[in-house]
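# Overview (structure and organization)
So the chains spell out like this:
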Amino acid sequence: MTRPARHRILERRKRDVEANTALVVRAILNAARKRGIDVGVSADGADLILSAPLRVPRETCRWFEHWIDQFKDELIGVIQAENADKQNAEVM
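Residues numbered from 1 in each chain as written. Predicted model: local features only at pLDDT ≥ 70, side-chain atom pairs only at ≥ 80, totals over all residues. Heavy atoms only, no water.

Inspection of the entire model under this criterion finds four salt bridges. Between Arg26 and Glu82 there is a salt bridge whose closest N-O contact spans 2.8 Å. On the criterion of sequence distance, the pair formed by Arg26 in helix 1 (residues 3-34) and Glu82 in helix 3 (residues 72-91) is long-range, its members being 56 residues apart. On the accessibility criterion, Arg26 (32% relative accessible area) is partly exposed. Measuring nitrogen to oxygen at the nearest pair gives 3.2 Å for the salt bridge that ties Lys72 to Asp47. Of the two residues, Lys72 sits in helix 3 while Asp47 sits in the loop between strand 1 (38-41) and strand 2 (48-51), which places them 25 residues apart along the sequence. (Salt bridge = Lys/Arg side-chain N within 4 Å of Asp/Glu carboxyl O. Helix = DSSP H or I, 4+ residues; strand = E, 2+ residues; numbered from the N terminus. Buried < 20%, exposed > 50% of the residue type's maximum accessible area, 1.4 Å probe, protein only.)

What follows is the structure in structure tokens.
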């Protein structure tokens, strides 16, 4: 296999991983919101904050804590982008 062909394959895999990560992040956020769990970002943008109603079982919260920790950076980026969109819509 030539270097250009190998490079194209690696670039395609990288795009696939990024696309799959975006799908997983969106699925985690949608599933949390569906259960009434709010996921937010701290003021300094370094941490995620989960707020769940008491009716949500502890095991469910722990499941979300685990997966949110796995995709922390990506989730922070998505939530910050959503918050920026909301602020821009309010200004207009």
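Next comes the rest of the account.
Pairing analysis gives four bridges linking strand 1 to strand 2, with the strands arranged antiparallel. Residue pairing across strands places Gly40 opposite Ile49, the latter belonging to strand 2. (Pairing = 2+ DSSP bridges.)

Turning our eyes to something else, we now look at the nonpolar core. Counting 16 residues, the largest nonpolar core has Val39, Leu48, Ile68 and Leu75 as its most contacted members. Put simply, the parts of the chain that give this core at least two residues each are helix 1, strand 1, helix 2 (58-70) and helix 3. Not counting the four nearest positions on each side in its chain, Val39 is found in contact with Leu29, Ala32, Leu48, Ile49, Leu50, Ile68 and Ile79. (Core = buried A, V, L, I, M, F, W, Y, C linked by side-chain atoms within 4.5 Å. Contact = heavy atoms within 4.5 Å.)

It is worth spelling out helix 3 at this point. An α-helical turn contains 3.6 residues, so a residue and the one three or four places further along point in the same direction. With 20 residues, helix 3 extends 29 Å from end C-alpha to end C-alpha; this agrees with the ideal 28 Å at 1.5 Å per step. Residues of helix 3 that are buried include every one of Leu75, Ile76, Ile79 and Glu82, and no others. With its buried residues spanning 135° around the axis, helix 3 presents them on a single face. Seen from the open side of helix 3, the exposed residues pointing more than 90 degrees away from its buried face are Asp73, Asp85 and Val91. (Expected span 1.5 Å × (residues − 1). Arc of directions from axis to C-beta.)

The end-to-end C-alpha separation of helix 2 is 19 Å, in line with the 18 Å expected for 13 residues at 1.5 Å each. Listed as buried for helix 2 are Cys61, Phe64 and Ile68. Take helix 2 and look down its axis: the buried residues cluster within an arc of 65°, on one side only. Across from the buried face of helix 2, at angles greater than 90 degrees, the exposed residues are Glu59, Arg62 and Asp69. Where helix 2 is buried, its residues touch helix 1, strand 1, strand 2 and helix 3.

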